[in-house]
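Listed here are the chains, written in short residue letters.
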Amino acid sequence: MQLATSQLKIEPMGPVLGARVHGLDLSKPYGEEQKRELREAFARYLVLCVPGQDLEYDDQVRFAAVFGKADEKKLSPDEKGQGKARERGVMYVTNIRENGKQVGSLPDGEMQFHSDGSHRDIPYRATTLWAIHVPSRGGETKFANLYTAYDTLPEATKRRIEGKQCKFIYQVDATFREQTREDDPSLSNAVHPLVKVHPDTGRKSLYLSRLMTRYIIGMDRAESEVLLNELFDHAEKPEFVYAHPWKPKDIVIWDNRCTNHARNDFPASEVRQLRRITVSEPGDMSKGGGY
Ligand code: OGA
Ligand code: MN
């Protein structure tokens, strides 16, 4: 039965961005009213966390699909079994190793600020992570509000960056800017405006990140480097950042169009495992579900 009035309770996670959503069991059906409220809260808070959720893979796909095109892994009929086989091809962010070999993506330690898919022509609209194992300390995901970063720039800087575009490059094993071998032509790359207008809110935000933005197109490289570093430092100011302390069974979704995220270091001796499903633009027919 569909609820006529929604029971959702939206609790802000702090002054920067983010809200916790209570009153939803994402393993059960939910109706259009709940979906509309989720989308409204998402536009307003940029990052949502629904705590205490027991989610199968399909439940997470259903949640991701509330916000756009869920990048579901297509499993062959013989993979649609039970248990482990059912999970083949599903993306985990984890430091778990089997026989010394990594079994997941983005395995260890600290990771600099970035926005998922900014190295693609059509970046991911959003990303969902569902926490399975979290370390006893560290491993928080930090989220930076790029609307506020733009709004608080000096007017002269706003004028200086207006109409500028940047080159974005991503090397899958890089967690720090210096590790990217920029001259490698095989690396995935794209060009995007430095200032973007969010299609749902109409608000302007900065669009750049320390991990993936290499240079401003048409600007002297040294000058670009100085300006980008100023902008990175500005966009990462603690007053624009919320650090999410994960609990098992949290599901979090963030908007890659107006936030950056980074990860704090955590003890390599402890297990961290999250299941990851991205949300693509509905018109994006390229293969989603990567980084
Ligand atoms: C990601 C990501 C950060 C984290 O999944 O895209 O950057 O905290 N994860 O694991
Ligand atoms: Mn990421």
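What follows is about the overall build of the chain. Along the chain, the regular secondary structure elements total six helices and 19 strands. The globule rule puts the C-alpha radius of gyration for 291 residues at 19 Å, and the 19 Å found for the chain is close to it. For the chain, the spread of C-alpha atoms along the principal axes amounts to about 55 × 50 × 40 Å. A buried classification covers 52% of the 291 residues belonging to the chain. Counting contacts in the chain only where the partners sit at least 6 residues apart, residues at least 24 apart contribute 79% of the total.

On to the coordination of the manganese ion (ligand 2), then. Angles at a metal have ideal values that depend on geometry: 109.5 degrees with four tetrahedral donors, 90 or 180 degrees with six octahedral donors. Only His114 (NE2), Asp116 (OD) and His261 (NE2) from the protein coordinate the manganese ion (ligand 2), and they sit 2.1 to 2.2 Å from it. All donors of the manganese ion (ligand 2) belong to a single chain; written as a sequence motif, their spacing is H-x1-D-x144-H. Residue Asp116 is located in the loop between strand E8 (111–114) and strand E9 (126–133), and its partner His261 is located in strand E18 (residues 259–263); the two are separated by 145 residues in the primary sequence. This pair shows no difference in class: Asp116 is buried, exactly as His261 is.

On to the confidence of the model for the chain. In low-pLDDT segments, the atomic positions of the prediction should not be examined closely. Chain-level pLDDT for the chain is 92 on average; 92% of the residues reach the 70-or-more range. Counted against residues more than four places away or in other chains, residues 81–86, with its pLDDT under 50, gives eight contacts.

We now examine the pattern of salt bridges. Under the definition given, this model contains 22 salt bridges. Put simply, Asp59 and Arg62 hold a salt bridge, and the shortest N to O gap is 3.3 Å. One end of the pair is Asp59 and the other is Arg62, both in helix H2 (residues 57–65) and three residues apart, which spans about a single turn. The partner of Arg276 in a salt bridge is Asp116, with the nearest N and O atoms 3.2 Å apart. Placement of Arg276 in strand E19 (residues 273–280) and of Asp116 in the loop between E8 and E9 is noted, with a sequence separation of 160 residues between them. Of the two residues, Arg276 and Asp116, both sit in the buried class. One salt-bridge network, in which partners are shared between bridges, spans Arg177, Glu182, Arg214, Arg221 and Glu225.

The next subject is the packing of aromatic side chains. A full pass over the atoms with the stated rule returns four aromatic pairs. Plain terms: the ring middles of Phe143 and Trp254 are 5.3 Å apart, the flat faces sit at 50 degrees to each other, and that makes the pair tilted. Linking Phe143 in strand E10 (residues 141–145) with Trp254 in strand E17 (residues 251–255), this pair joins segments that are 111 residues apart in sequence. Of the two residues, Phe143 and Trp254, neither departs from the other in class, the shared state being buried. Through a chain of ring-to-ring contacts, three or more aromatic side chains come together here, namely Phe42, Phe63 and Phe67. When the ring centre of Phe266 is taken as reference, the NZ or CZ atom of Arg272 above it lies at 5.5 Å.

The next subject is the sheet that holds strand E11 (residues 165–170). Within a beta sheet, neighbouring strands are joined by backbone hydrogen bonds and run either parallel or antiparallel to one another. Strand order in the open sheet formed by three strands is E12-E11-E15, with antiparallel pairing between adjacent strands. With one partner strand each, in any of the chains shown, strand E12 (188–193) and strand E15 (213–216) form the two edges of the open sheet. Pairwise comparison of adjacent strand axes, ignoring direction, gives a mean angle of 25 degrees for this sheet. For E11 and E15, the ladder comprises three bridges, and the chain directions are antiparallel. Counterpart to Phe168 in the pairing with E15 is Thr213. Across the sheet, helix H6 (residues 221–235) is in contact with E11 and E15; its angle to E15 comes to roughly 125 degrees.

Criteria and thresholds
- Residues numbered from 1 in each chain as written.
- Chains lettered and ligands numbered in written order.
- Predicted model: local features only at pLDDT ≥ 70, side-chain atom pairs only at ≥ 80, totals over all residues.
- Heavy atoms only, no water.
- Helix = DSSP H or I, 4+ residues; strand = E, 2+ residues; numbered from the N terminus.
- Rg over C-alpha atoms; globule rule 2.2 N^0.38 Å.
- Buried < 20%, exposed > 50% of the residue type's maximum accessible area, 1.4 Å probe, protein only.
- Contact = heavy atoms within 4.5 Å.
- Donors = N, O, S within 2.8 Å, 3.2 Å for Na, K, Ca; no water.
- pLDDT = per-residue confidence, 0-100.
- Salt bridge = Lys/Arg side-chain N within 4 Å of Asp/Glu carboxyl O.
- Phe/Tyr/Trp six-rings, centres within 6.5 Å; stacked < 30°, edge-to-face > 60°.
- Lys NZ or Arg CZ within 6 Å of the ring centre and 35° of its normal.
- Pairing = 2+ DSSP bridges.
- Axes fitted to C-alpha atoms, helices over the stretch in contact; angles between N-to-C directions.

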